[in-house]
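The primary structure of each chain is shown beneath.
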Amino acid sequence: MVIVRRQPARDVGMDGPGSPIADSYPDSFILVLSKTHLPRSALGEESRRRRLHFRRLPASVPRRNRPTSPLSGPPTDSGDSGTRHGLVVFLELPQGVASRSHGGDHQGQRGPVQQLGRVVPTSSPPSSKNRELVMFLATSIAVLVGCFVVLVWRRSGGKKPRGFEPPKPLVVKEPEQEVDDGKKRVTIFFGTQTGTAEGFAKAMAEEAKARYEKAAFKVVDLGKERGQWLQNLQYGVFGLGNRQYDNFNKVAKLVDDILVEQGGKRLVSVGLGDDDQCIEDDFTAWANVAMKKELHTSASDRSCTHLEFDIAGTGLTYETGDHVGVYCENLIETVEEALNLMGLSPDTYFSIHTDNEDGTPLGGSSLPPTFPPCTLRSALTRYADVLSSPKKSALLALAAHASDPADADRLRHLASPAGKDEYAQWIIASQRSLLEVMAEFPSAKPPLGVFFAAVAPRLQPRYYSISSSPRMAPSRIHVTCALVYDKTATGRIHKGVCSTWMKDAVPLSKSNECSWAPIFVRQSNFKLPTDAKVPIIMIGPGTGLAPFRGFLQERFALKEDGTELGPSILFFGCRNRRMDYIYEEELNNFVESGALSELVVAFSREGPTKDYVQHKMMEKASDIWNMLSQGAYIYVCGDAKGMAKDVHRTLHTIVQEQGSLDSSKAESMVKNLQMSGRYLRDVW
């Protein structure tokens, strides 16, 4: 919208002759463009050649004398709000040409106050033709500017304008030039999928910067940056892995070999971190617990919970074989113990920041994520992992705030290379928790910022294989969870954070004040074959049955829809059919319906000898070999340390014996099954 305001001066807030605007801009025509803001650069050089200028009113002009647009409201005393919804444009007219008010002389008088723009003296009054020409030119220019403004406004989507902001300069990021400051340059490369390696790399850089002032350290993501970094390279490789996996730290070993081949000079032998011993993805929806039941009988001394999250209306979806991540809270008793050790009021209200007061980031680049302002009790309940074993960096942070020198020395020793064996035995092997360590060194009282940034890691989500299929339960996510309740070497009773929460959860079927938790779905490659006629072999003792329950629900629904199914066999194991034979009735129904061809159960505590799933596999060796020969997929779910290894060895034996192959060829065949995606494992 363009409004040309050629009105008496008092209509735009002037007080008559000698007004600041009239005196400051004697040869200007005031044009108010409403509902838009254009920077000086918007009209370009061509507009400046036509002497069209954008000017802000000088500070000397009183607020009440500043012009306002009809849409801006009356002037105020706060900033430039009097013109915040309009732009005042001053159009300088050629020398010798005067502008007049819209109606000629106002009330029979002529003068600079009655016209917006001073009349420039001339030798004779302008003729009517000149006046018409001036009117024509002024109107034409106003219309052209107005059309341009409307075009810009419409292209911007008609968004409500904000206060005037000067155009931001274009910043072009120049390549970083390395300055020769005499420092030794050290680059730490990392490759990561989950962020663990990135955290290690950044933490290493921060610690190195503190220790070696004469060296410059740089952290580089191998997945994002490339360069001529192999020239004259001196390097060290540290891998993050788990010995339970077949290809333990294979990437680290491969990278180490390649760097040597390319001329790199190895500074240290490749490090092989083992998550199985000691090694240093956002909730999407809040889901109610719709249903819960105990799966073990009263004769069992253990517990296994079947729990269902209601995801109706949350926007969450899942596929058969996916995982669900669950964020849980620490137990009340755990929080109380932490509060006692810290010696602070549970109602202390605080917030965590990773930047200084001036907005600059803090020095550490490996700081954990912040959380919303809350009380100390809430922070310990929701965000602090105080039951896991502390890292060495946490011990150093505690040592720095220990008032007792003996405590400080002992903590520093445990975190030092000299105390490596003692740390492995006293903390890791004994499963000593952070709370136990704090109790052992009572003088270590770190401030809240240090505690949540460097001592207690963030409480992580727990992952579970979803034990349902969306074909049968589209609005529910089923979880099958065994209770973690163990006595550690120190005598402490360790209660699993999430498994205990699930066991104690109150379902909606029992109370409207039901339990709820933030959950999210993590996709998995643990999927059924796309062709339902392909044979499948499933091996899952205990809660390893969870994803196979989802598989069988899927196959049942497909069969109900008339889909032809291939043969299937399930190897399930438990201790005793009278104690922990979970989902027994359902499994039998799947067999009767044809969703499952054969069910083989191993009971390890019923006979004189222990009978496990790998023993049942050997009994069915011929059937397994025949199914594999027909293109069968084989799935394993459950414990990685014991069961999965035993099953793998058994599979190797079956292939070797049934296929009349030597050991190397049998191993090659098993590897090919893995590489082709026909041998899948979901183990922990």
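Refer to the structure printed above.
Below you will find a few notes about this structure. Source: prediction; values computed, not measured.

1. Considerations on the overall build of the protein
And step 1. The helix and strand tally for the protein stands at 19 helices and 25 strands.
And step 2. Taking all 684 residues of the protein together, 41% fall into the buried category.
And step 3. Surface accessibility of the protein: about 37,700 Å² in total, with carbon and sulfur atoms responsible for 51%.

2. Overview of the sheet that holds strand 23 (residues 598–603)
And step 1. Ordered in space as 23-22-21-24-25, the five strands form an open sheet in which the pairing is parallel. Of all strands in the sheet, those with a lone pairing partner are strand 23 and strand 25 (679–683), marking the two edges. When the angles between neighbouring strand axes are averaged without regard to direction, this sheet yields 10 degrees.
And step 2. Pairing analysis gives four bridges linking strand 21 (residues 536–539) to strand 22 (residues 568–574), with the strands arranged parallel.

3. Considerations on the nonpolar core
And step 1. With 62 residues, the main nonpolar core has Phe309, Val326, Leu380, Phe451, Phe452 and Met502 as its most contacted residues.
And step 2. Broken down by element, this core gets its largest block of residues, five residues, from helix 6 (residues 332–342).
And step 3. Beyond its immediate stretch of four places on either side in the chain, Leu380 contacts Asn330, Val335, Ala338, Leu339, Met342, Phe451 and Phe452.
And step 4. Judged by nonpolar contacts, the second largest core, of 25 residues, contains Phe572, Tyr581, Cys637 and Leu680.

4. Regarding the sheet that holds strand 16 (residues 462–465)
And step 1. The strand order across the open sheet formed by six strands is 16-13-20-11-12-17, and the pairing between neighbours is antiparallel. On the outer flanks of this sheet lie strand 16 and strand 17 (476–482), each paired with one strand and no other. Averaged over all pairs of adjacent strands, the angle between their axes in this sheet comes to 40 degrees, without regard to strand direction.
And step 2. The sheet contact formed by strand 12 (residues 304–310) and strand 17 spans seven bridges and is antiparallel. Across the sheet, residue Asp310 finds its bridge partner in strand 17, namely Arg476.
And step 3. Against the sheet, helix 14 (residues 546–560) makes contact with strand 12, strand 16 and strand 17, and its axis sits at roughly 145 degrees relative to strand 17, the strand it touches most.

5. A short note on the packing of aromatic side chains
And step 1. Under the criterion given, the structure shown has 18 aromatic pairs.
And step 2. Relative to Phe603, the ring of Tyr581 lies with its centre 5.7 Å away and its plane at 70 degrees, an arrangement referred to as edge-to-face. Linking Tyr581 in the loop between strand 22 and helix 15 (584–593) with Phe603 in strand 23, this pair joins segments that are 22 residues apart in sequence. The same class applies to Tyr581 as to Phe603, namely buried.
And step 3. By the ring-pair criterion, three or more aromatic residues cluster together here, those being Phe350, Phe371, Tyr383, Phe451 and Phe452.
And step 4. Between Lys392 and the ring centre of Tyr423, over which it is positioned, the NZ or CZ distance is 5.1 Å.
And step 5. One Lys or Arg, Arg522, reaches over the ring of Tyr463 and ends 3.7 Å from the middle of that ring.

6. Examining the pairing of strand 25
And step 1. Of all five residues in strand 25, four are buried; the element is thus mostly enclosed.
And step 2. Examined bridge by bridge, strand 24 (residues 633–638) and strand 25 share five bridges and lie parallel to one another. Note on strand 25: the bridge partner recorded for Tyr635 is Leu680.

7. Some remarks on the packing of helix 17 (residues 621–629) against helix 18 (residues 640–658)
Each packed pair of helices is defined by two parameters, the angle between the axes and the distance between the axes.
And step 1. The geometry of helix 17 relative to helix 18 is characterised by a closest axis approach of 10 Å and an angle of 80 degrees between their N-to-C directions. Looking at the two axes, helix 17 sits roughly perpendicular to helix 18. On helix 18, the residues that touch Ala621, Ser622, Ile624, Trp625 and Leu628 of helix 17 are Leu651, Ile654, Val655 and Gln658.
And step 2. Residue composition of the contact of helix 17 with helix 18, grouped by class: seven nonpolar, two polar and no charged.

Rules behind the numbers
Residues numbered from 1 in each chain as written. Predicted model: local features only at pLDDT ≥ 70, side-chain atom pairs only at ≥ 80, totals over all residues. Heavy atoms only, no water. Helix = DSSP H or I, 4+ residues; strand = E, 2+ residues; numbered from the N terminus. Buried < 20%, exposed > 50% of the residue type's maximum accessible area, 1.4 Å probe, protein only. Areas by Shrake-Rupley, 256 points an atom, 1.4 Å probe, with all protein chains shown as cover. Pairing = 2+ DSSP bridges. Axes fitted to C-alpha atoms, helices over the stretch in contact; angles between N-to-C directions. Core = buried A, V, L, I, M, F, W, Y, C linked by side-chain atoms within 4.5 Å. Contact = heavy atoms within 4.5 Å. Phe/Tyr/Trp six-rings, centres within 6.5 Å; stacked < 30°, edge-to-face > 60°. Lys NZ or Arg CZ within 6 Å of the ring centre and 35° of its normal. Parallel < 35°, antiparallel > 145°, perpendicular 65-115°, else oblique. Nonpolar A, V, L, I, M, F, W, Y, C, P; charged D, E, K, R; others polar.

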